[in-house]
Amino acid sequence: MSESNATGEVYWDPYRPDINLDPYPYFKRLREQAPLYYNKEYDFYALSRFDDINKYFSDTTTFSSARSDIMEFIKEDDLEIPDGMFIWHDPPRHTSYRNIVTRVFTPRRMNELESKIRAYCARCLDPMIGETNFNFIDDFGAQLPGGVIGMLLGIPDEDRDIIRDRIDNSLRTESGKPMESSQSSYQGEGFEDYVEWRKNNPSNDLMTDLLNAEFTDPDGVKRKLTTEEVLIFINVIAGAGNETTSRLIGWTGKLLGDHPDQRRQIAKDLSLVPAAIEEILRCEPPGPSVARYVTKDVEIHGQIVPAGAVMQFILSSANRDESRFADGEKFNIHREGSPHITFGRGVHACLGAALARVEGRVGLEEMLKRFPDWELDMANAEMSASSTTRGWDSLPAFLR
Amino acid sequence: MAKIKFIEFSGKEHDVEIANGTSIMQAALDENVRGIVGDCGGSCSCATCHIYVDESWLDKIEVKSEMEEILLEEVCDPQDNSRLSCQIIVSDALDGMVLRVPEKQF
Ligand code: HEM
Ligand code: FES
């Protein structure tokens, strides 16, 4: 056990790999003893209680996304955010762009993809039947999300892995260190060729929809998206939807590996799957915290947070806040009560939540149909080092 | 203040006194009514707060915005009496309203 853990010091270092392995005792102390936490070393504030996060998320005037939602980028002096990167816009600019896609990523449309997603799962999982070793990431988690986004966009299968690797690498940190602020997440290249090609070859896919969409831009002009904006949209969607959903699949393998009794209940009764996915999302959020830029002095818990500060909203702490979630540290698929906050809240709440849920649900069903029993090989598992997501880079298991 | 009845898909009922100005979505979450999710916290973008409004109350509620109209075509099992509960703000006029929670939000 690390020193600070043993002495119960109120402390959180988002870059320390040992803390990252199990940050929850640290979060519990933050909630109890420092609901407004300040970290001197990296100069940021953090909120950890559910009610605080729920409340302050909606105040986008004070807690701005216009300098990104990643601490390292917020601190950068010459950060430039192009129009259309709506994850990093405030209203009304955000509203004008997000409205274009709000109607596309809805529960109904995402559920309509179910049979295609199921077929894609079968393609990943069928070759593993009869094997004794299975890696939740290499063999499944790293493939499904990119495959599904490619499917949405109309990108040929064989090119998807290249695109995924490029984006994920741009969001990775060196173990124990802050992310290099020069990294250009969400702005990577690689989709240009498809966009150009789609202009002349329209089809029934998201890329074509984006090319044709009419919207009222932040200056009040009714127009179509420029090619650059279409590219930015695609990069935002692919960047936000790939690694996160891959992590969800990893955590599914981990938590159900650690709780074989609950796994057997689900395998016996697949109607438990949606609740199980919600509980996995609550217990281990793939994106554990998001950051905001503080635009003006604000008093929280009797202390002034100054304009210009960085505020971390620790979603994975809020999800275990005992005042909302009785026995919050416990994994229990039969839990009743409050929904989790893993997809964020307010105007920036995850656009892809309905899609991630279908992927998580269908992915788990298809795994359980083929491999109802597994044992984790934790000696060979690897935890990620990334400022934006938390989860397994490699999670091997023995199939039974 | 209005007294409002929520009926969960399971049939379980909640009779709740709700202060004016509160959204039905928020009241449902505060009351732990099962089946209301509300990911976007009332920003009218997630469509996970879908609810069925007892017909006789439909014309007492504020009319739908364009975005709510769009999203209501996108929920699971939309009906003529579907609304997004985050867009229904409680007032005295809604006293006695009955709401049913759909089977699922996603
Ligand atoms: C389990 C998987 C996922 C998790 C945990 C997750 C989590 C989140 C969170 C916490 C936010 C809010 C960020 C903030 O407030 O600054 C967010 C935003 C977003 N997510 Fe996801 N996400 C997931 C999957 C996806 C997928 C599959 C897609 C797309 C296909 C996606 C697209 C987006 C976009 C575009 C935004 C920005 C929304 C906006 O700013 O209006 N996400 N996500
Ligand atoms: S809470 Fe998201 S649309 Fe109502």
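Because the structure is a prediction, the values reported are computed rather than measured.

Caption draft 1: Local environment of the overall build of chain B. What chain B contains, in helices and strands, is two helices and five strands. In sequence order, chain B lays out its α and β elements as β-β-α-β-α-β-β. Computed over C-alpha atoms, the radius of gyration of chain B comes to 12 Å, within 12% of the 13 Å expected from 2.2 N^0.38 for 106 residues, which places it in the range of a compact globule. Its C-alpha atoms put chain B at 30 × 30 × 25 Å along the principal axes. Out of the 106 residues belonging to chain B, those deemed buried represent 52%. Considering only contacts within chain B whose residues lie at least 6 apart along the sequence, 64% involve residues at least 24 apart. Just so you have it, chain B exposes about 4,900 Å², and 45% of that area is on carbon and sulfur atoms. Charge-centre separation for chain B: the mean point of 9 positive side chains lies 6 Å from the mean point of 21 negative side chains.

Caption draft 2: Focus on the overall build of chain A. Within chain A one finds 18 helices and 14 strands. Buried residues in chain A amount to 58% of all 400 residues. Counting contacts in chain A only where the partners sit at least 6 residues apart, residues at least 24 apart contribute 69% of the total. Carbon and sulfur atoms provide 47% of the accessible area of chain A, an area that totals close to 16,400 Å².

Caption draft 3: The arrangement of the coordination of the iron atom of ligand 1 in detail. Inspection of the coordination sphere of the iron atom of ligand 1 shows a single protein donor, Cys350(A) (SG), at 2.3 Å. Within the secondary structure, Cys350(A) sits in the loop between α17 (315-318) and α18 (353-370).

Caption draft 4: Inspection of helix α12 (residues 192-200) of chain A at higher detail. Residues and elements named next belong to chain A. When we look at burial in α12, the residues that qualify are Tyr194, Val195 and Arg198. One side of α12 carries all its buried residues, which in axial view fall inside an arc of 100°. Among the exposed residues of α12, those oriented more than 90 degrees off its buried face are Asp193 and Asn200.

Caption draft 5: Region of the structure containing the packing of helix α10 (residues 144-153) of chain A against helix α14 (residues 227-258) of chain A. Residue and element names in this part refer to chain A. Between α10 and α14, whose axes approach to 8 Å, the crossing angle comes to 150°. Between α10 and α14, the angle falls in the class roughly antiparallel. Here α10 runs over α14; the crossing is right-handed. Counting all contacts with α10, which are made through Leu144, Pro145, Gly146, Ile149 and Leu153, the residues of α14 involved are Ile234, Ile237, Ala238, Gly241, Asn242, Thr245, Ser246 and Ile249. Each residue belonging to the contact of α10 with α14 can be placed in one class, and the counts come to eight nonpolar, five polar and no charged.

Caption draft 6: Inspection of the sheet that holds strand β14 (residues 396-399) of chain A at higher detail. Residue and element names in this part refer to chain A. The antiparallel open sheet is built from three strands, whose spatial order is β4-β14-β11. The sheet is open, and its two edges are formed by β4 (133-135) and β11 (374-376), each paired on a single side. Averaged over all adjacent pairs, the angle separating strand axes in this sheet is 35°, with direction ignored. Of the strand pairs in this sheet, β11 and β14 are connected by three bridges, and their pairing is antiparallel. Along β14, the bridge assignment pairs Glu375 with Phe398.

Caption draft 7: Representation of the site of ligand 1 within the structure. All names here are of chain A. Residues in close proximity to ligand 1 total 28 residues, the closest being Asp69, His94, Arg292, His348 and Cys350. His94 has a polar side-chain atom sitting 2.6 Å from an oxygen atom of ligand 1. Looking at the shell around ligand 1, the elements that each hand over two or more residues are α6 (93-102), α14, β7 (289-294) and α18. The leading source of residues in the shell around ligand 1 is α14, at seven residues.

Caption draft 8: Structural detail: the interface of chain A and chain B. Across the contact, 23 residues belong to chain A and 23 residues belong to chain B. Roughly 1,900 Å² is buried in total at the junction of chain A and chain B, and carbon and sulfur atoms are behind 53% of that figure. On the chain A side of the interface with chain B, the three residues burying the most area are Arg103(A), Pro107(A) and Arg357(A), jointly 25% of the side's total. Linking chain A to chain B there are four salt bridges. With a closest N to O distance of 3.2 Å, Arg109(A) and Glu74(B) form a salt bridge. Taken together, the connections running from chain A to chain B amount to nine residue pairs in polar contact (both at pLDDT 80 or more). Within the residue set of the side of chain A that touches chain B, elements represented by two or more residues are α6, α7 (107-112) and α18 of chain A. In terms of residue count, α7(A) provides more of the side of chain A that touches chain B than any other element does, four residues in total. Of the residues belonging to the side of chain A that touches chain B, the class tally is six nonpolar, eight polar and nine charged.

Caption draft 9: Here's a closer look at the nonpolar core. All names here are of chain A. Core analysis: the biggest nonpolar cluster contains 83 residues, and Phe105, Ile117, Phe134, Phe140 and Leu210 have the highest contact counts within it. At 13 residues, the largest contribution of residues to this core is made by α14. When neighbours within four sequence positions are excluded, Ile117 is seen to be in contact with Leu144, Val148, Met151, Leu355, Val358, Glu359 and Val362.

Each value, and the rule that gives it
- Residues numbered from 1 in each chain as written.
- Chains lettered and ligands numbered in written order.
- Predicted model: local features only at pLDDT ≥ 70, side-chain atom pairs only at ≥ 80, totals over all residues.
- Heavy atoms only, no water.
- Helix = DSSP H or I, 4+ residues; strand = E, 2+ residues; numbered from the N terminus.
- Rg over C-alpha atoms; globule rule 2.2 N^0.38 Å.
- Buried < 20%, exposed > 50% of the residue type's maximum accessible area, 1.4 Å probe, protein only.
- Contact = heavy atoms within 4.5 Å.
- Areas by Shrake-Rupley, 256 points an atom, 1.4 Å probe, with all protein chains shown as cover.
- Lys, Arg positive; Asp, Glu negative; His and termini not counted.
- Charge placed at Lys NZ, Arg CZ, Asp CG, Glu CD.
- Donors = N, O, S within 2.8 Å, 3.2 Å for Na, K, Ca; no water.
- Arc of directions from axis to C-beta.
- Axes fitted to C-alpha atoms, helices over the stretch in contact; angles between N-to-C directions.
- Parallel < 35°, antiparallel > 145°, perpendicular 65-115°, else oblique.
- Left-handed = near helix turned anticlockwise from the far one by under 90°.
- Nonpolar A, V, L, I, M, F, W, Y, C, P; charged D, E, K, R; others polar.
- Pairing = 2+ DSSP bridges.
- Near = heavy atom within 4 Å.
- Polar contact = N/O pair within 3.5 Å; in protein donor to acceptor, adjacent residues only side chain to side chain.
- Buried area = accessible area lost by both parts, 1.4 Å probe.
- Salt bridge = Lys/Arg side-chain N within 4 Å of Asp/Glu carboxyl O.
- Core = buried A, V, L, I, M, F, W, Y, C linked by side-chain atoms within 4.5 Å.

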